[in-house]
Amino acid sequence: AQGLKVKDPVYAATTGTLAVATGGTITYNNGSSGVGANLVTTGSFNLIDTANVQTVGTRILVKNEGNAAWNGVYTYTNATTITRSADTDTYGPTSTTDLSLNDYFFVQNGNVNKGTAYVCTTAGTITFGTTAITFALFSTSQVYSAGTGLTLTNTTFSITNTGVSATTYGGAATIPVITVNAQGQIT
């Protein structure tokens, strides 16, 4: 049995095919047996799972393609091209700079995948462009968001200096107006 090999995190992970995410047709180019391989769209690589990926080098876990040989970790190259990442474009079962079974990827952003982690479940030698590359959900972590009257900064919630009225929650006019000052006191 092999243990997990923790790789650099990915910024976003797909929730469906790239054709849907980009609004275009996807073409795969295998590069030199995976090195330099890329996916090209007639649409645009803007948002993956609501995360803006439009910065060169942004890591994207592609895990939902109909042709699973296209799956893998890619980096944003430009609006129409993503390229296999240098640490996942060759096969190597004992190396941290190659892709193989039990490679672990934490997802940093996205509406659906933020806080999740995926593991490569492809057993045996991976031949890029031919072998189906699969990923399974390994773990999820709790992701918080601040509601009305709250601010979330990293792991700290704070009360926001805000007025709360009946219309804030769509309630009846009988709800009193409550104001919270900067010190978190109700006034």
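You'll find the structure just up there.
What counts and what doesn't
- Each chain has its residues counted from 1, following the order in which its sequence is written.
- Two thresholds apply to this predicted model, a pLDDT of at least 70 for residue-level local features and 80 or more for giving and counting side-chain atom pairs, whereas whole-chain, interface and lining totals are computed over all residues.
- Remark: hydrogens and water are excluded; side-chain values derive from all non-hydrogen atoms of the structure.
- To form a nonpolar core, buried Ala, Val, Leu, Ile, Met, Phe, Trp, Tyr and Cys residues must be joined to one another through side-chain atoms within 4.5 Å.
- Exposed residues in this analysis have more than 50% of their type's maximum accessible area, buried residues have under 20%, and partly exposed residues fall in between, with area computed by a 1.4 Å probe over protein chains only.
- Labels follow the DSSP assignment, with helices taken as runs of H or I lasting at least four residues and strands as runs of E lasting at least two, numbered in each case from the N terminus.
- Contacts are assigned to residue pairs with any non-hydrogen atoms lying within 4.5 Å of each other.
- Salt bridge, as used here: a side-chain nitrogen of Lys or Arg that lies within 4 Å of a carboxyl oxygen of Asp or Glu.
- Patches in this entry comprise residues that are over 30% relatively accessible and not in a salt bridge; like charges within 9 Å are linked, as are nonpolar side chains (Val, Leu, Ile, Met, Phe, Trp, Tyr) within 5 Å.
- Shrake-Rupley sampling with a 1.4 Å probe provides the accessible areas, and residues are treated as covered by the protein chains on show and by no other component.
- We call two strands paired when DSSP finds no fewer than two bridges between them.
- Two aromatic rings from Phe, Tyr or Trp, using only the six-membered ring of Trp, form a pair when their centres are within 6.5 Å; if the ring planes differ by under 30 degrees the pair is stacked, by over 60 it is edge-to-face, and anything between is tilted.

Overview of the nonpolar core
One finds Leu 18, Leu 39 and Ile 82 to be the most contacted residues of the largest nonpolar core, which totals 28 residues. Within the residue set of this core, elements represented by two or more residues are strand 2 (12-13), strand 3 (26-29), strand 7 (59-62), strand 8 (72-78) and strand 11 (116-120). Residues in contact with Leu 39, not counting those within four places in the same chain, are Leu 18, Ile 26, Thr 27, Tyr 28, Phe 45, Val 62, Trp 70, Tyr 74, Thr 80, Thr 81 and Ile 82.

Section: the environment of Thr 140
As for its position among the elements, Thr 140 is in strand 12 (residues 135-140). Thr 140 has contacts with Gly 115 and Thr 116, leaving out every residue within four places of it along the chain.

With respect to the pattern of salt bridges
As enumerated under the stated definition, the model contains 3 salt bridges in all. Between Asp 103 and Lys 7 there is a salt bridge, and its shortest N-O distance comes to 3.8 Å. You can see Asp 103 sitting in strand 10 (residues 103-106) and its partner Lys 7 sitting in the loop between strand 1 (5-6) and strand 2, a full 96 residues away along the chain. Across the pair, Lys 7 and Asp 103 agree in class, each one buried. The structure contains a network of salt bridges with shared partners spanning Lys 5, Lys 7 and Asp 103.

Comments concerning a nonpolar patch on the surface
On the surface, Tyr 144, Leu 150, Phe 157 and Ile 159 cluster together to form a nonpolar patch covering roughly 400 Å² of accessible area. Along the chain, the position of Phe 157 falls in strand 14 (residues 156-159). Note on Phe 157: relative accessible area 40%, which makes it partly exposed.

Regarding the sheet that holds strand 2
Sheet strands pair via backbone hydrogen bonds, and the direction of the pair is either parallel or antiparallel. In space, the 6 strands of this open sheet follow the order 2-7-8-9-4-3, with mixed pairing throughout. Because the sheet does not close on itself, it has two edges, and the strands there are strand 2 and strand 3.

Structural notes on the packing of aromatic side chains
Enumeration over the complete set of coordinates arrives at 3 aromatic pairs. Between the aromatic rings of Tyr 104 and Phe 138, the centroid separation amounts to 5.7 Å while the plane-to-plane angle is 85 degrees, which identifies the pairing as edge-to-face. Here Tyr 104 is found in strand 10, whereas its partner Phe 138 is found in strand 12, with 34 residues between them in sequence. You can call Phe 138 partly exposed: its relative accessible area is 48%. Aromatic pair Phe 105 and Phe 135: ring centres 6.1 Å apart, planes at 75 degrees, arrangement edge-to-face. With Phe 105 in strand 10 and Phe 135 in strand 12, the pair connects residues that are 30 residues apart, well separated along the chain. The pair formed by Phe 105 and Phe 135 is uniform in burial state, with each residue classed as buried.

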